[in-house]
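Structure assessment
One-letter residues, chain by chain:
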2 protein chains.
Amino acid sequence: MGIKEEIGPFLDPDTVAVIGASRSTGPGSFNAVENMIDFGYDGEIVPVNPKADEVLGRKAFSDIREVDQKVDHAMIIIPRQFVPDAVEGCGEQGIEAVTIASQGFADVGGEGSELQDTIGEIAEEYGIRIVGPNTLGIHNPMDGFTTSFIPFEPWDYDRIGLASQSGLWCAGFPDLKYGKIIDVGNACDVDQVDAVRYFGQDDDIDQIFLHIEGLRPGRGDDLIGAAEETVEGTGKPVIALKSAESDVGRKAVESHTGSLAGEDEVYDGAFKQGRIVRVRDYSEAQIVSKAFRELPPMDDKGVAMVTHHGASGVMALDAIREFGLELADLSEETTAPIQGMSPGWMEIDNPMDIWPALMGDPHGAHEKSLKAVLEDENAAGVLLSIHVADLTTWDLGIYGHIEAVQKYAPEYEKPVISVPVGVEMDETVERLEEVENSAVFPDIRAAARAFDVLSDHPEEV
Amino acid sequence: MGIKEEIGPFLDPDTVAVIGASRSTGPGSFNAVENMIDFGYDGEIVPVNPKADEVLGRKAFSDIREVDQKVDHAMIIIPRQFVPDAVEGCGEQGIEAVTIASQGFADVGGEGSELQDTIGEIAEEYGIRIVGPNTLGIHNPMDGFTTSFIPFEPWDYDRIGLASQSGLWCAGFPDLKYGKIIDVGNACDVDQVDAVRYFGQDDDIDQIFLHIEGLRPGRGDDLIGAAEETVEGTGKPVIALKSAESDVGRKAVESHTGSLAGEDEVYDGAFKQGRIVRVRDYSEAQIVSKAFRELPPMDDKGVAMVTHHGASGVMALDAIREFGLELADLSEETTAPIQGMSPGWMEIDNPMDIWPALMGDPHGAHEKSLKAVLEDENAAGVLLSIHVADLTTWDLGIYGHIEAVQKYAPEYEKPVISVPVGVEMDETVERLEEVENSAVFPDIRAAARAFDVLSDHPEEV
């Protein structure tokens, strides 16, 4: 059985059994069956609860062994000591996908770890794949399915697959809205490696995001192999936030999910080898995800900058150095139009300061400079540093800028990144982000990080 | 004459002369007189233009020497070769504050540098203070005055003074809205040192921001002295964005050598000595500025964390180490309330994972945990890592969180920082930011950076 057949039933089952289905409903009931219904699940739900005849209008069974129909996916949410028997019941029923939400296993150690080992043995015996234990399980707004015992409304999503070691990440971020989520929890079986393999084959997914605290021994190499194969074979980027970098952090992670966090430097090197883009915090995660979502890859490290002011040019030089990019060597043909519009004492180069030029002809300066750098074969990416003032009162810079981007960015397969300065920039950001191959980043280092990942990534395949 | 009397007339003059006042008006005219009027300046404007009889209803003079009234501040915007004579005319008129907007001086080198030297000599002879050349000069929405030849509407400002080496910075950022701005331009005279001294004495200003590309020889020590005296004497923070590259026209970024990196480290050390908080990009600038604006200082490095999930606790431990903070050693009294609400297998510590507790009693878990850590004398600051979902459908976490912050944060002089996770968090952020001693940051490293600067800063004096 391939990874698609193994993981698919977790994310989008025709029939799901809920072992430990609650009879309570409404706020505070943590009723997974109710949540599935509210989330829009249109498959069949089979509640299992020895104390109930029915749950939310569905006939309830006292034991998973008594269920008389085919079940693709069983979700278990019962006290930990009863979990091994439930898993065994799933095995007897031929259920091959089991999510265990229950807590108190390797996450607490001792007896919990032993229980988790027992579950692993049962699963192996029956050929069951397990997500969890200690997990919210699956969130899949793309297909309308969740196993979460916490109610979530479906959200506007992007085509991003997430494998997380934490329920926290399932909530997403304003600029990182997962479309399919596997919370691997303690990852006694299904882990980030399986997720990379699965999402690599899932046509709904363009980008794979991983939250990693630690992997099971030996799985590091598997992750590198799976990621490298996915990135090079499909062009889908694999992005990872790996925490527990510090000793003190590592100590805490053992109690959080019961797995050992590896050496930070080892991860760094391994991620490079596996072409996994590593991010350090929520902000960088959103920057990198957005770069891949909104912008084309770069075939080179050369960046051309067009700026309203020298100061940001200076900052860009710092950032270009920091991220190992190159300042594109612009041809005389490229600089000529702005040179011709500038005072004699100014030498137009890269960064290209268009301020004096745009004071004479705002639209002309913006259009000519952008077209010229996009045409230049040494410029693999374009950075635009812009003043933004009130759109209704100050048309010197920003109208010309927006119109130039609208006119030329879609014509070239090069990332065009604008970094605005101004107290009120919402409308400008919105207009620029609508344009193909154009995105806005909050500062010049963020833009440089975006160029960095775009220039390290293989062309879309 | 003290710094207040020297710099005051630049920012809020009773009478300003505009030497080179344009006769054109409207978009594209770059008419400084028109901009002053539109910006709300209610002092007297004296236009100087040999070709005009009047400018926008004000009588124009052909030479500054012919002006027959007291002028506090002259703004010069004429071709560079005429500037020395104009400055001399200001001297003859007893004008002690002169802003030179004109370009083509040390900014282009050669003859321009010689011209700038000449101006410096004239200024010294007459006891004139000069802002510029090559500057937009002053933006002061707090008093309704600007010298900018580019039109700007007044904006909603915070009590922040800026000295910038670039017009770019004058536009501000969504979370960094300057109240009084001196664009020092080429800084032939008035520079960041003067600005720190002046803003230190200006009761309208609570926070001083500097943009530095380079200082004149010998001014580094002056800056350290002025900043240290200001920070320790007034409690006003001094924040600086220093670009490492000082020569805008320098061609290749690869020519950045070890010696330049060394220079950068010298600045690092000097800033520490002067208690100047250094920031590296626009995002960090906004984080640090906001920390000082919205939150009280910390008397210690200890951070207590309350979290909805272990994963962010792990990230926080990494960040606490990265920024030299300490994980507060919480007393048993502090952990007891949440320990009592948690399953037996959970040991409540710092970070304090309240997830299981809040599933039973969301409001109780939030209120008890926050009150307990605020009461703990080892906790100088509090970090709250929270899930945010749609406020209308999921009340498990976020209502209790917001209400606990509203109830307890104002009672203690400790910073309470929330870091939310969720695709839609605007309303949550808005509610939390209204509360005294409470602020929201976009990620855990940003929160740690905020604690870092707040714990390094002297108590308000």
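Right, let's walk through the structure included here.

With that settled, consider the packing of aromatic side chains. Aromatic ring pairs are reported here in terms of the distance separating the ring centres and the angle at which the planes meet. All names here are of chain A. For the structure on display, the rule yields 14 aromatic pairs over all chains. Of the aromatic side chains, those joined through ring pairs into one cluster are Phe-39, Phe-152 and Trp-155. Across the ring face of Phe-441, the terminal group of Lys-290 is positioned such that the distance to the ring centre comes to 5.1 Å.

The next subject is helix H16 (residues 444–456) of chain A. Residue and element names in this part refer to chain A. Between its terminal C-alpha atoms H16 stretches 18 Å, which fits the 18 Å expected from 13 residues at 1.5 Å a residue. Along H16, the positions that sit buried rather than exposed are Ile-444, Ala-446, Ala-447, Ala-448, Arg-449, Ala-450, Phe-451, Asp-452, Val-453, Leu-454 and Ser-455. Of the residues that open H16, the one with a side-chain oxygen 3.1 Å from the backbone nitrogen of Arg-445 is Asp-443.

This brings us to the sheet that holds strand E14 (residues 276–279) of chain B. Strands pair in a sheet through their backbones, by hydrogen bonds, and they do so in one of two ways: parallel or antiparallel. Residue and element names in this part refer to chain B. Spatially, the seven strands line up as an open sheet ordered E9-E8-E11-E10-E12-E13-E14, and their pairing is mixed. Because the sheet does not close on itself, it has two edges, and the strands there are strand E9 (145–146) and E14. Bridge count for strand E12 (residues 207–212) against strand E13 (residues 238–242) is five bridges, and the pairing is parallel. Looking at E13, one finds that Phe-209 is bridged to Ile-239.

Right, let's talk about the environment of Leu215(A) for a bit. Looking at where Leu215(A) falls in the secondary structure, it is placed in the loop between strand E12 (207–212) and helix H6 (219–234). In sequence terms Leu215(A) and Glu411(A) are 196 residues apart; their C-alpha atoms lie 44 Å from each other.

Let us look at the sheet that holds strand E8 (residues 138–140) of chain A. Residues and elements named next belong to chain A. A sheet is described by the order of its strands in space; here seven strands give the open sequence E9-E8-E11-E10-E12-E13-E14, paired in mixed fashion. Looking at strand neighbours, the two that pair on one side only are strand E9 (145–146) and strand E14 (276–279), the edges of this open sheet. The pairing of strand E13 (residues 238–242) with E14 spans four bridges and is classified as parallel. Across the sheet, Val-238 pairs through a bridge with Ile-276, a residue of E14. Relative to the sheet, helix H5 (residues 192–201) contacts strand E10 (160–164), strand E11 (180–183), E12 and E13, its axis offset from that of E12 by approximately 175 degrees.

Each value, and the rule that gives it
- Residues take numbers from 1 onward in each chain, read along the sequence in its written order.
- All chains are assigned letters beginning at A, and all ligands numbers beginning at 1, according to the order in which they are written.
- The predicted nature of this model means local features are confined to residues of pLDDT at least 70 and side-chain atom pairs, given and counted, to a pLDDT of 80 or more, with totals for whole chains, interfaces and linings taken over all residues.
- Calculated side-chain values reflect all of the structure's heavy atoms, with hydrogen atoms and water omitted.
- When the centres of two rings from Phe, Tyr and Trp lie within 6.5 Å, Trp using its six-membered ring, the rings pair. Their planes under 30 degrees apart give stacked, over 60 give edge-to-face, and anything left gives tilted.
- Charges are assigned to positions over rings by a cutoff of 6 Å between ring centre and Lys NZ or Arg CZ, combined with an angular limit of 35 degrees from the ring normal.
- Helical segments are the DSSP runs of H or I of at least four residues, strand segments are the runs of E of at least two, and each set is numbered from the N terminus.
- Helices are assigned an expected span. That span is 1.5 Å times one less than the residue count.
- Three labels apply to residues, based on accessible area from a 1.4 Å probe with only protein chains included: buried if under 20% of the type maximum, exposed if over 50%, partly exposed otherwise in between.
- We define a polar contact as two N or O atoms separated by no more than 3.5 Å, with the added condition that, inside protein, one atom must be a possible hydrogen donor and the other a possible acceptor, whereas residues neighbouring each other in sequence contribute only through side-chain atom pairs.
- The pairing criterion for strands is at least two bridges between them, as found by DSSP.
- Whether two residues are in contact is decided by their heavy atoms, any of which lying within 4.5 Å being enough.
- Note on geometry: axes are lines fitted to C-alpha atoms, helical ones only across the stretch in contact, with angles between N-to-C directions running from 0 to 180 degrees.

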